[in-house]
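# Report on the structure
Spelled out, the chains give:
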Amino acid sequence: MQAKKRYLILLSAGACLVLLFYLGGVQLPAASRSRHDRSRHGYRPDQPWPHFSDPLHLFLPLDQTDTEEYNLHISPRQKRDVNTSVYKGKRCRMDSCFDFSQCQKNGFKVYVYPQQKGEKISESYQNILSTIEGSRFYTSDPGQACLFILSLDTLDRDQLSPQYVHNLKTKVQNLPLWNDGRNHLIFNLYSGTWPDYTEDLGFDISQAMLAKASISTENFRPNFDVSIPLFSKEHLRTGGERGFLKYNSIPPFRKYMLVFKGKRYLTGIGSDTRNALHHVHNAEDVVLLTTCKHGKDWQKHKDVRCDKDNAEYDK
């Protein structure tokens, strides 16, 4: 009986030792040396294992992340369409989305697509095409071209504008030389519509370069896209009078130092900037003219300065 008790005690003690070794409560000499080695490489045994309380978020590529301002008004369907049309070629650069072989072989030649019958085109875009066609870089042979310009008017992509071209996505995709937009340059002055003014052009520009006014830093592709200013249809196509700014003539000899004329957005994106312009306007050498007449219900948002601003703008 005594021998049986001693056997059970010995067996229990052995089981406890095995359990201690398994749980790490007792370190073997080899394990002690291993821990000593790890401490020399920055490991501290007293340092607790990190605990992550936040759940892991679904990974989204940089191209598909959304800003808080972007999510404010836009619907999920519109958001999906904008991501498809704007962000698909966001990583394009000249070395990845432009074919230099034609330029090296034939020089810098620009081809303008023939205008399609029945397609409306604004005066401003016609001026751009006419300027290119009248330049020494123009070629009527697409096989000689290094750069391609659409004859489809892409300047105004505001759906409320009478200059808006419908079904542009299908029309662009059906172009025989489109080639996913490679070596194409697209011009745009206005995109989106009030009050969000997203940069959705209504079609996928893919690998095409974009010469655009008011392009956001989030969508601008450095050394690939071109940032251009807004210009009116009255802007001179070529030439014009010689400038008055001369070498080291500070201030310049011009009468006006700063001039701006445009719509003053009473609400929505851009309203804070436009509404602050009157602080700088002095009606002498700084002339900043804005009108409140924008959108169908602008009178609902009319403020105390609108009547005066509209009158000066109309003059």
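The shown structure was predicted, so the numbers you read here are calculated from the model rather than taken from an experiment.

Let us look at the sheet that holds strand β1 (residues 110–112). With parallel pairing, the five strands of this open sheet are ordered in space as β1-β2-β4-β6-β7. Looking at which strands have only one partner, the edges of the open sheet turn out to be β1 and β7 (226–227). The sheet contacts of helix α6 (residues 123–133) involve β1, β2 (147–149) and β4 (184–188), and relative to β1 the element is tilted by about 135°.

Here we take up the state of the cysteines. As enumerated under the stated definition, the model contains three disulfides in all. Note that C103 is cross-linked by a disulfide to C146, the S-S spacing being 1.7 Å. Residues C103 and C146 are joined through a disulfide that is right-handed, its torsion about the S-S bond being 65°. You can see C103 sitting in helix α5 (residues 101–106) and its partner C146 sitting in the loop between α6 and β2, a full 43 residues away along the chain. Classification of C103 as buried rests on a relative accessible area of 16%. Judged by its relative accessible area of 1%, C146 is buried.

Of all the six residues making up strand β9 (residues 286–291), six are buried; the element is thus mostly covered by neighbouring parts of the structure. The side-chain alternation of β9 yields two buried faces, one formed by V286, L288 and T290 and the other by V287, L289 and T291. When strand β8 (residues 258–263) meets β9, the two strands line up parallel, connected through six bridges. The residue of β9 that forms the bridge with G262 is T290.

Our next topic: the packing of aromatic side chains. Within the structure shown, the criterion is met by four aromatic pairs. Summarising the aromatic geometry, the rings of F108 and F137 are spaced 5.6 Å apart at their centres and angled 70° between planes, so their arrangement reads as edge-to-face. Of the two residues, F108 sits in the loop between α5 and β1 while F137 sits in the loop between α6 and β2, which places them 29 residues apart along the sequence. On the basis of relative accessibility, which here comes to 46%, the residue F108 falls in the partly exposed class. The exposure class assigned to F137 is partly exposed, which follows from its relative accessible area of 32%.

Our focus in this paragraph is the nonpolar core. Of all hydrophobic cores here, the largest spans 40 residues; its most connected members are Y125, I149, L150, I186 and F187. Listed by contribution, the elements that provide at least two residues to this core are β1, α6, β2, α7 (168–173), β4 and β6 (209–212). Looking at which element gives the most residues to this core, the answer is α6, with four residues. With residues up to four places along the chain from it excluded, the contact list for I186 reads L150, T154, W178, F203, I205, A208, M209, L210 and A211.

Further remarks concern the pairing of β4. Most of β4 is tucked away: five of the five residues are buried. Covered by surrounding structure in β4 are H184, I186 and N188 together with L185 and F187, the residues of both alternating faces. Bridge count for β2 against β4 is two bridges, and the pairing is parallel. Bridge pairing in β4 places F148 opposite H184.

Okay, the pattern of salt bridges next. This structure, assessed with the given rule, holds seven salt bridges. As a salt-bridge pair, K171 and E119 come within 2.8 Å of each other at their nearest N and O atoms. Pair noted here: K171 is in helix α7 and E119 is in the loop between β1 and α6, with a separation of 52 residues, a long-range link. A residue is classified by how much of its surface remains accessible, and E119, at 24% relative accessible area, is partly exposed. K302 is the salt-bridge partner of D307, the closest N and O atoms lying 2.9 Å from each other. The class for K302 is partly exposed, based on a relative accessible area of 38%.

Parameters and conventions
Residues numbered from 1 in each chain as written. Predicted model: local features only at pLDDT ≥ 70, side-chain atom pairs only at ≥ 80, totals over all residues. Heavy atoms only, no water. Pairing = 2+ DSSP bridges. Helix = DSSP H or I, 4+ residues; strand = E, 2+ residues; numbered from the N terminus. Contact = heavy atoms within 4.5 Å. Axes fitted to C-alpha atoms, helices over the stretch in contact; angles between N-to-C directions. Disulfide = S-S within 2.5 Å. Buried < 20%, exposed > 50% of the residue type's maximum accessible area, 1.4 Å probe, protein only. Phe/Tyr/Trp six-rings, centres within 6.5 Å; stacked < 30°, edge-to-face > 60°. Core = buried A, V, L, I, M, F, W, Y, C linked by side-chain atoms within 4.5 Å. Salt bridge = Lys/Arg side-chain N within 4 Å of Asp/Glu carboxyl O.

Bear in mind that shape data such as this cannot, by itself, settle questions of function.
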